[in-house]
Amino acid sequence: NYQYVNNTLIYTVTDTTPGVFTETDTVLLNTNGLIATQAVHYPGTGAAWVETYQYDGSGNPVTSYESNPGEPADTMVYAYANGDLSYESLKGAANHSTDFSYYGSQYQFGDPTDFRQLYYYGAYYYRNVHMLRTISSPGKSYKAYSYVYDAEKITQVILRQWTSASPDTVVHLMNYTY
């Protein structure tokens, strides 16, 4: 359930899985239409947290600050190369938490980064120039994407996914119809 009011997006995620609580997210967009602040509240437990994004002059995120009441704030640092997000890292961590790589082809709608952001946030906090090739979390997971095109539109995305908990690679197909 998404509700847009000016530059604010409010949505509720309801899950019927036992032990998973309903959450209500409020997202405030900046003048570029990117996430400025996301507030998450779990009405069943009273738990809440807020994440605030800081952007550079080009509109790329530089840092985000996540605060949970009673806990020290976490700071994510973002790095860009050639107009694309290249990695996310928890400030002070020895390794990147997530690395991204891209094909040389120009971005077009249907790139999995669209769905990743819309699914988790209901809005965007970054935009890329090129098509996503891989997302990896060192030692934890690896996702490789390939694309099938027809008349210069994506008709299928093939995701090959590996996680450290599984010895096998799982293949997912995402089909697009226009």
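Attention here is on the structure that accompanies the text. The structure displayed is predicted, hence computed values, not measured ones.

**Section: the overall build of the protein**
Here is step 1 of the chain: Scanning the protein from N- to C-terminus turns up 1 helix and 13 strands.
Here is step 2 of the chain: Across the protein, helices and strands are ordered from the amino to the carboxyl terminus as β-β-β-β-β-β-β-β-β-α-β-β-β-β.
Here is step 3 of the chain: Scaling as 2.2 N^0.38, a compact globule of 178 residues should have a C-alpha radius of gyration of about 16 Å, and the protein matches this with 17 Å.
Here is step 4 of the chain: By principal-axis analysis of the C-alpha atoms, the protein measures approximately 45 × 45 × 40 Å.
Here is step 5 of the chain: Going through the 178 residues of the protein one by one, you find that 34% of them count as buried.
Here is step 6 of the chain: Put simply, of all contacts in the protein between residues at least 6 apart along the chain, 30% involve residues at least 24 apart.
Here is step 7 of the chain: As displayed, the protein has an accessible area near 10400 Å², and 53% of this comes from carbon and sulfur atoms.
Here is step 8 of the chain: Each charge class in the protein was averaged separately, 8 positive and 16 negative side chains, and the resulting centres sit 6 Å apart.

**A few points about the nonpolar core**
Here is step 1 of the chain: Counting residues in hydrophobic clusters, the biggest one holds 24 residues, and the most contacted among them are Val-27, Ile-35, Phe-100, Tyr-125, Leu-132, Tyr-145 and Tyr-147.
Here is step 2 of the chain: For this core, the secondary-structure elements that each account for two or more residues are β2 (8–13), β3 (23–29), β7 (74–81), β9 (98–106), β10 (130–137), β11 (141–150) and β12 (153–163).
Here is step 3 of the chain: Excluding anything up to four places from it in sequence, Tyr-145 contacts Tyr-103, Pro-112, Leu-132, Arg-133, Ile-135, Val-157, Ile-158, Leu-159 and Met-174.

**Quick word on helix α1 (residues 112–121)**
Here is step 1 of the chain: Residues Pro-112, Thr-113, Asp-114, Gln-117 and Tyr-121 constitute the buried set of α1.
Here is step 2 of the chain: Directly after α1, the chain includes Gly-122, whose backbone phi takes a positive value near 75°.

**A short note on the layout of surface pockets**
Here is step 1 of the chain: Quantified by volume, the largest pocket comes out at close to 1100 Å³.
Here is step 2 of the chain: Lining the largest pocket are 44 residues, with Arg-116, Tyr-119, Tyr-120, Tyr-121 and Lys-143 positioned closest to its centre.
Here is step 3 of the chain: Of the residues forming the lining of the largest pocket, the biggest block, 7 residues, is contributed by α1.
Here is step 4 of the chain: Taken together, the residues of the lining of the largest pocket break down into 22 nonpolar, 12 polar and 10 charged.

**Considerations on the environment of Leu-85**
Here is step 1 of the chain: For Leu-85, the location among the structural elements is in strand β8 (residues 84–90).
Here is step 2 of the chain: Along the backbone, Leu-85 and Tyr-126 are 41 residues apart, and their C-alpha atoms lie at a distance of 7.6 Å.
Here is step 3 of the chain: In this structure Leu-85 touches Tyr-78, Ala-79, Tyr-80, Phe-100, Tyr-102, Tyr-126 and Asn-128, once residues within four positions along its chain are discounted.

**Things to note about the side chain of Thr-98**
Here is step 1 of the chain: With respect to the helices, strands and loops of the structure, Thr-98 is situated in strand β9.
Here is step 2 of the chain: Leaving out residues up to four positions away in the same chain, Thr-98 has contacts with Ser-86, Tyr-87, Glu-88, Ile-135, Ser-136 and Ser-137.

**Description of the packing of aromatic side chains**
Aromatic ring pairs are defined here through the distance separating the ring centres and the angle between the ring planes.
Here is step 1 of the chain: Tallied over the full model, the rule gives 10 aromatic pairs.
Here is step 2 of the chain: Taken together, the ring pairs in this structure connect Tyr-53, Tyr-55, Tyr-78, Phe-100, Tyr-125 and Tyr-126 into an aromatic cluster.
Here is step 3 of the chain: In this structure, Arg-127 is placed above the aromatic ring of Tyr-124, and the distance from its NZ or CZ to the ring centre is 3.5 Å.
Here is step 4 of the chain: Positioned above the aromatic ring of Tyr-178 is the side chain of Lys-153, whose terminal nitrogen or guanidinium carbon lies 4.8 Å from the ring centre.

**Describing the pairing of strand β13 (residues 170–175)**
Looking down a regular strand, the side chains alternate between one sheet face and the other.
Here is step 1 of the chain: Little of β13 sits out of view: just 0 of its 6 residues are buried.
Here is step 2 of the chain: Relative to β13, β12 runs antiparallel, the two being bridged by 6 bridges. Residue pairing in the sheet places Gln-161 in a bridge with Val-170 of β13.
Here is step 3 of the chain: Linking β12 back to β13 in an antiparallel pair, the connection comprises 6 residues.

**Concerning unusual backbone geometry**
Across the chain, the bulk of peptide bonds are trans and the bulk of non-glycine residues have phi less than zero.
Here is step 1 of the chain: Unusually for a residue other than glycine, Ala-151 sits at a positive phi of about 50°.
Here is step 2 of the chain: On the secondary structure map, Ala-151 appears in the loop between β11 and β12.

Analysis parameters
- Each residue is numbered by its place in its chain's sequence as written, counting from 1.
- Selection of residues for local features in this predicted model requires a pLDDT of at least 70, selection of side-chain atom pairs for listing and counting requires 80 or more, and totals for whole chains, interfaces and linings are taken over all residues.
- Excluded from the side-chain calculation are hydrogens and water; included are all heavy atoms of the structure.
- The helix and strand labels rest on DSSP assignments: H or I over at least four residues marks a helix, E over at least two residues marks a strand, and numbering proceeds from the N terminus.
- Between the two quantities, the radius of gyration covers C-alpha atoms and the globule rule is 2.2 Å times the number of residues to the power 0.38.
- Only protein chains enter the calculation, and the probe is 1.4 Å; a residue is then buried if its accessible area is under 20% of its type maximum, exposed if over 50%, and partly exposed in between.
- The contact criterion used throughout is that any non-hydrogen atoms of two residues lie within 4.5 Å.
- Residue exposure ignores everything except the shown protein chains as possible cover, and the areas themselves are Shrake-Rupley values with a 1.4 Å probe.
- The charge count includes Lys and Arg as positive and Asp and Glu as negative, but it does not include His or the ends of the chains.
- The location of each charge is read from NZ of Lys, CZ of Arg, CG of Asp or CD of Glu.
- For this analysis, a nonpolar core means a set of buried residues of the types Ala, Val, Leu, Ile, Met, Phe, Trp, Tyr and Cys, connected via side-chain atoms within 4.5 Å.
- Put plainly, a pocket is an open set of points on a 1 Å grid over the protein atoms alone with protein on both sides within 12 Å along at least five of seven lines, a cavity is a set where a 1.4 Å probe fits but cannot get out, and a lining residue has an atom within 4 Å of a point.
- Grid points are joined across faces, edges and corners, and a volume is the space filled by probe spheres set on the points.
- Classification convention: Asp, Glu, Lys, Arg as charged; Ala, Val, Leu, Ile, Met, Phe, Trp, Tyr, Cys, Pro as nonpolar; all other residues, Gly among them, as polar.
- Side-chain rings of Phe, Tyr and Trp (the six-membered ring for Trp) are treated as a pair once their centres are within 6.5 Å; stacked means planes under 30 degrees apart, edge-to-face means over 60, and tilted covers the remaining angles.
- Only when the NZ of Lys or the CZ of Arg is both within 6 Å of the ring centre and within 35 degrees of the ring normal is a charge said to sit over the ring.
- When DSSP finds two or more bridges between a pair of strands, those strands are recorded as paired.

Keep in mind these values describe shape, not function.
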